[in-house]
Amino acid sequence: MEPAPASDAGAGRARAVVLVNPNTSRATTAMMTAIARRTLGPSVPVRGVTVARGPRMLTDPAALRAAAPEVVAAGRRALAAGDCAALLVAAFGDPGLDELRAVADVPVIGIGEASLLEASAGRTPFGIATTTPLLADAIARRVARLGLTPLLTGLRLTEGAPEHLASHPDSLRESLARAVEQCVVRDGARSVVIGGGPLAAAAESLRPRFTIPLIAPVPAACRAAARLRAGTS
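Just so it is clear, the structure is predicted and the values come from calculations on it, not from any experiment.

Caption draft 1: How the structure looks around the overall build of the protein chain. Scanning the protein chain from terminus to terminus reveals 9 helices and 8 strands. In terms of overall size, the protein chain behaves like a compact globule, its C-alpha atoms giving a radius of gyration of 17 Å where 233 residues would be expected to give roughly 17 Å. Seen through its principal axes, the protein chain has C-alpha atoms that stretch 55 × 35 × 30 Å. Counting only residues that meet the buried cut, the protein chain has 51% of its 233 residues in that class. By sequence separation, contacts in the protein chain at least 24 residues apart represent 71% of the contacts at least 6 residues apart.

Following this line, the structure appears as C-alpha cells:
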C-alpha cells in the first residue's frame, strides 16, 4: 500500500508524537498522553487522539477486532496532518498496528509489542500482569509472534471484572500488586509487564513497591519511539 498522503497543514509546526487511544474513553486518552509527555520530556510534543467510535474498553477479542479499523482511520488522519513524527497505538493488543505500519512513513509503535520487547531485553524471564482474562490467548499469541514464549514465565490475572476495577483505582492498584507478586514469587519472573494502556497510572504507582522492573506499556513505547527517532535524525 502507498503511504498515507501528507498535507501542507503541518508545515511550520513542531512534529508531534501522536498517541492513538483505541478505546473511546477520553479520560484514558488524557491519562496516557500525560504519561507520554512525562516520559518524552518537554522538547517532544505529544498529541493524544481518541478513536471516533468503538468499545469503551478492550476486554475481549471482538473488541480488539472492532477497534482496529478505527485506529487505522485515526492514524491515517494524523499522518495526513503533516506534523506526525511517530504514532503510538495505545492498547496492549496493538489493534491496527500492522496496517498502519504498511502505510506510514514514520515509526509506528504498539505499546504491547514495545513493552514485551523491553521486558525481555537481555533474555530476561518476564511475566505479565493484567486485568483481561478473555484476552489471555491473544496475549499468548502476541508473545509467540515475537519469539518470546520461552522467556514468558506466566500470565497472572487480577481478581474482579475489568470494568469494576477500571472505576475503582485503589482496588485496581492492589489487585495488580497481587498479580505482580504472583509473577515474581510463584513464577520466577525477573521483570513484569503491566498489560494494558489504561493501567498506566496504576503501573506508575506500583513501581516503588517492587525491586524488579515493572514495565508499563506507554512509557516503553515512548522509549522505543525516542530510540527510533534518534536513529533517523
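Caption draft 2: Up close: the sheet that holds strand β7 (residues 191–194). Strand order across the open sheet formed by 4 strands is β6-β5-β7-β8, with parallel pairing between neighbours. Bordering the open sheet on either side are β6 (152–157) and β8 (214–215), each of which pairs with just one other strand. As defined by bridge partners, strand β5 (residues 126–130) adjoins β6 across 5 bridges and the pair is classed as parallel. Opposite A129, over in β6, you have R156 as the bridge partner. Along the sheet, helix α4 (residues 111–119) contacts β5, β7 and β8; its crossing angle with β7, the most-contacted strand, is approximately 170°. Most of the contacts of helix α7 (residues 169–185) go to β5, to which it runs at about 160°, and overall it touches β5, β6, β7 and β8.

Caption draft 3: Region of the structure containing the sheet that holds strand β2 (residues 46–50). Spatial ordering of the open sheet is given by β2-β1-β3-β4, a layout of 4 strands whose pairing is parallel. Of all the strands in the sheet, the pair left with one neighbour each is β2 and β4 (108–110). Pairwise comparison of adjacent strand axes, ignoring direction, gives a mean angle of 25° for this sheet. In the sheet, strand β1 (residues 16–21) pairs with strand β3 (residues 84–89) via 5 bridges, with the strands oriented parallel. Note on β3: the bridge partner recorded for V17 is A86. Sheet strands in contact with helix α2 (residues 61–80) are β1, β2 and β3, and its direction is about 170° off that of β3.

Caption draft 4: Seen up close, the side chain of S191. Mapped onto the secondary structure, S191 falls in strand β7. From its side chain, S191 meets the backbone oxygen of A119 in a polar contact 3.0 Å long. Excluding residues that lie within four positions of it along the chain, S191 makes contacts with A119, T124, P125, F126, G127, I212 and P213.

Caption draft 5: Seen up close, the nonpolar core. Within the largest apolar cluster, 39 residues are counted, with the highest numbers of intra-cluster contacts made by L88, L116, F126, I128, V193 and V218. Secondary structure elements with two or more residues in this core: β1, α1 (26–40), α2, β3, α4, β5, α5 (136–145) and α9 (217–232). With 6 residues, the top contributor of residues to this core is α9. A129, V180, A189 and A202 belong to the second-largest nonpolar core, a separate cluster that totals 19 residues.

Caption draft 6: Local environment of the pairing of β2. Of the pairings in the sheet, the one linking β1 to β2 comprises 5 bridges and is parallel in character. Each bridged residue has a counterpart across the sheet, and for L19 the counterpart in β2 is G48. Handedness of the β-α-β unit built from β1, α1 and β2 comes out right-handed.

Caption draft 7: Inspection of the side chain of T33 at higher detail. Structurally, T33 is set in helix α1. Polar side-chain contacts of T33 include one of 2.7 Å to the backbone oxygen of T29. Beyond its immediate stretch of four places on either side in the chain, T33 contacts L19, V46 and G48.

Caption draft 8: The arrangement of the state of the cysteines in detail. For the structure on display, the rule yields 0 disulfides. Left unpaired, C84 is separated from the closest cysteine sulfur, that of C222, by 13 Å.

Caption draft 9: Quick peek at the pattern of salt bridges. In the structure shown here, the tally under the stated rule is 12 salt bridges. Linking E204 and R38 is a salt bridge whose minimum nitrogen-to-oxygen distance equals 2.8 Å. Here E204, found in helix α8 (residues 200–206), pairs with R38, found in helix α1; they are 166 residues apart in sequence, far enough to count as distant. Take R38: its relative accessible area is 54%, and that puts it in the exposed class.

What counts, and at which threshold
Per chain, residue numbering runs from 1 following the sequence as it is written. Thresholds applied to this predicted model are a pLDDT of at least 70 for local features of residues and 80 or more for the giving and counting of side-chain atom pairs; totals over whole chains, interfaces and linings are not thresholded and use all residues. As a rule here, side-chain values cover all heavy atoms of the structure and leave hydrogens and water aside. Each helix corresponds to a stretch of at least 4 residues labelled H or I by DSSP, and each strand to a stretch of at least 2 residues labelled E; elements are numbered beginning at the N terminus. We compute the radius of gyration from the C-alpha atoms alone; for a globule the expected value is 2.2 Å times N to the 0.38, where N is the number of residues. Accessible area is worked out with a 1.4 Å probe on protein chains only. A residue is then buried under 20% of its type maximum, exposed over 50%, and partly exposed in between. Contact definition: two residues touch when any of their heavy atoms are within 4.5 Å. Two strands are counted as paired when DSSP detects at least two bridges linking them. Every angle, taken between N-to-C directions, lies between 0 and 180 degrees, and every axis is a line fitted to C-alpha atoms, over only the stretch in contact when it is a helix. Think of a polar contact as two N or O atoms within 3.5 Å of one another; within protein, one of them needs to be a possible hydrogen donor and the other a possible acceptor, and neighboring residues in sequence only count if both atoms come from side chains. Residues belong to a common nonpolar core when they are buried Ala, Val, Leu, Ile, Met, Phe, Trp, Tyr or Cys residues joined through side-chain atoms within 4.5 Å. Crossovers are described as right-handed under a simple rule: with the strands pointing away from the observer, the path leading from the first strand over the helix to the second runs clockwise. The definition used for a disulfide is geometric: two cysteine sulfur atoms within 2.5 Å. When a carboxyl oxygen of Asp or Glu is within 4 Å of a side-chain nitrogen of Lys or Arg, the pair counts as a salt bridge.

Shape is all these values report; function is a separate question.
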